[in-house]
Amino acid sequence: MAVARDDGRQESQEERADRQWGELLQELRVAQTGVQILFGFLLAVVFQPRFAELAEADRTIYVVTVILGSSTAAALIGPVSYHRLLSGRRMKPQTVAWAARLTILGLVLLFCTMCSALLLILRVALHNQLALWLVAGMALWFAVCWFVFPLWAIARDNRQEATSSES
């Protein structure tokens, strides 16, 4: 049995890919649900009577938000199609790697979609510059929760590994 890497698990490359695929599917289920709700909301906005009253800038933000939402859905649903088309071709490790890349891209696009949607909503609700500051604050919070904390954990783990290997 070939071990993929020394991470405390005794699994083959195929077993590792199967486990990682299952974990990735769970992550995608969470993200896809949020995207579907947000995208449904975005699609309904244009049919509201008040939409005709929006300023040109707000309409532009709306169009950008819908395009970002569509792109997000495509990236987060993409791994399912990728897996289905490659299923049975003994390419699970490659499938997992590409699906993980699409998922990260989907999360970046979701970040952009959320910020754009917040900007639209807060501009309509507040009619002032406070909307930009609130969106900037929320964008920072999303970035910290979704990207900074995980990257910090990786950097910390790498430092601990380097320290323990030097000992």
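Rules and cut-offs
- Residues numbered from 1 in each chain as written.
- Predicted model: local features only at pLDDT ≥ 70, side-chain atom pairs only at ≥ 80, totals over all residues.
- Heavy atoms only, no water.
- Helix = DSSP H or I, 4+ residues; strand = E, 2+ residues; numbered from the N terminus.
- Rg over C-alpha atoms; globule rule 2.2 N^0.38 Å.
- Buried < 20%, exposed > 50% of the residue type's maximum accessible area, 1.4 Å probe, protein only.
- Contact = heavy atoms within 4.5 Å.
- Areas by Shrake-Rupley, 256 points an atom, 1.4 Å probe, with all protein chains shown as cover.
- Lys, Arg positive; Asp, Glu negative; His and termini not counted.
- Charge placed at Lys NZ, Arg CZ, Asp CG, Glu CD.
- Salt bridge = Lys/Arg side-chain N within 4 Å of Asp/Glu carboxyl O.
- Phe/Tyr/Trp six-rings, centres within 6.5 Å; stacked < 30°, edge-to-face > 60°.
- Lys NZ or Arg CZ within 6 Å of the ring centre and 35° of its normal.
- Axes fitted to C-alpha atoms, helices over the stretch in contact; angles between N-to-C directions.
- Parallel < 35°, antiparallel > 145°, perpendicular 65-115°, else oblique.
- Left-handed = near helix turned anticlockwise from the far one by under 90°.

**Section: the overall build of the protein chain**
And step 1. Each helix and strand in the protein chain was counted, giving four helices and zero strands.
And step 2. Helices and strands in the protein chain line up, N terminus first, as α-α-α-α.
And step 3. Its C-alpha atoms give the protein chain a radius of gyration of 21 Å, clearly above 15 Å, the size a compact globule of 167 residues would have.
And step 4. Within the protein chain, the fraction of its 167 residues that count as buried is 31%.
And step 5. Restricting the contact set of the protein chain to residue pairs at least 6 apart, pairs at least 24 apart contribute 65%.
And step 6. Carbon and sulfur atoms make up 64% of the accessible area of the protein chain, which amounts to about 11100 Å² in all.
And step 7. The averaged location of the 14 negative side-chain charges in the protein chain is 5 Å from the averaged location of its 15 positive side-chain charges.

**Description of the pattern of salt bridges**
And step 1. A full pass over the atoms with the stated rule returns five salt bridges.
And step 2. Between Glu11 and Arg19 there is a salt bridge; the shortest N-O distance is 2.8 Å.
And step 3. By relative accessible area, Glu11 is classed as buried at 9%.
And step 4. With its nearest N and O atoms 2.8 Å apart, the salt bridge here joins Lys92 to Asp18. Of this pair, Lys92 sits in helix H3 (residues 92-126) while Asp18 sits in helix H1 (residues 13-45), placing them 74 residues apart in sequence.
And step 5. Residue classification places Lys92 among the partly exposed residues on the basis of a relative accessible area of 24%.

**Looking at the packing of aromatic side chains**
And step 1. On inspection of all chains with the given rule, the structure shows four aromatic pairs.
And step 2. Judged by centre distance (5.2 Å) and plane angle (35°), the rings of Phe142 and Trp146 are tilted. With Phe142 and Trp146 both in helix H4 (residues 130-166) and four residues apart, the pair spans about one turn of that helix.
And step 3. Aromatic rings pair up to connect Phe111, Phe142, Trp146 and Phe147 into one cluster.
And step 4. When the ring centre of Trp98 is taken as origin, the NZ or CZ atom of Arg101, which lies over that ring, is 4.6 Å away.

**Notes on the side chain of Thr103**
And step 1. Relative to the helices and strands, Thr103 resides in helix H3.
And step 2. The exposure class assigned to Thr103 is buried, which follows from its relative accessible area of 7%.

**Regarding the packing of H1 against H3**
Packed helices, taken two at a time, are described by the angle their axes make and the gap between the axes.
And step 1. Packing of H1 against H3 brings their axes to within 10 Å, and their N-to-C directions diverge by 20°. When the interaxial angle is binned, H1 and H3 end up roughly parallel. Note that H1 runs across H3; the crossing there is left-handed. Together, Gln13, Ala17, Asp18, Gln20, Trp21, Leu24, Leu28, Val35, Leu38, Phe41 and Leu42 of H1 and Lys92, Pro93, Thr95, Val96, Ala99, Ala100, Thr103, Leu110, Thr113, Met114, Ala117 and Ile121 of H3 make up the contact between the two elements.

Keep in mind these values describe shape, not function.
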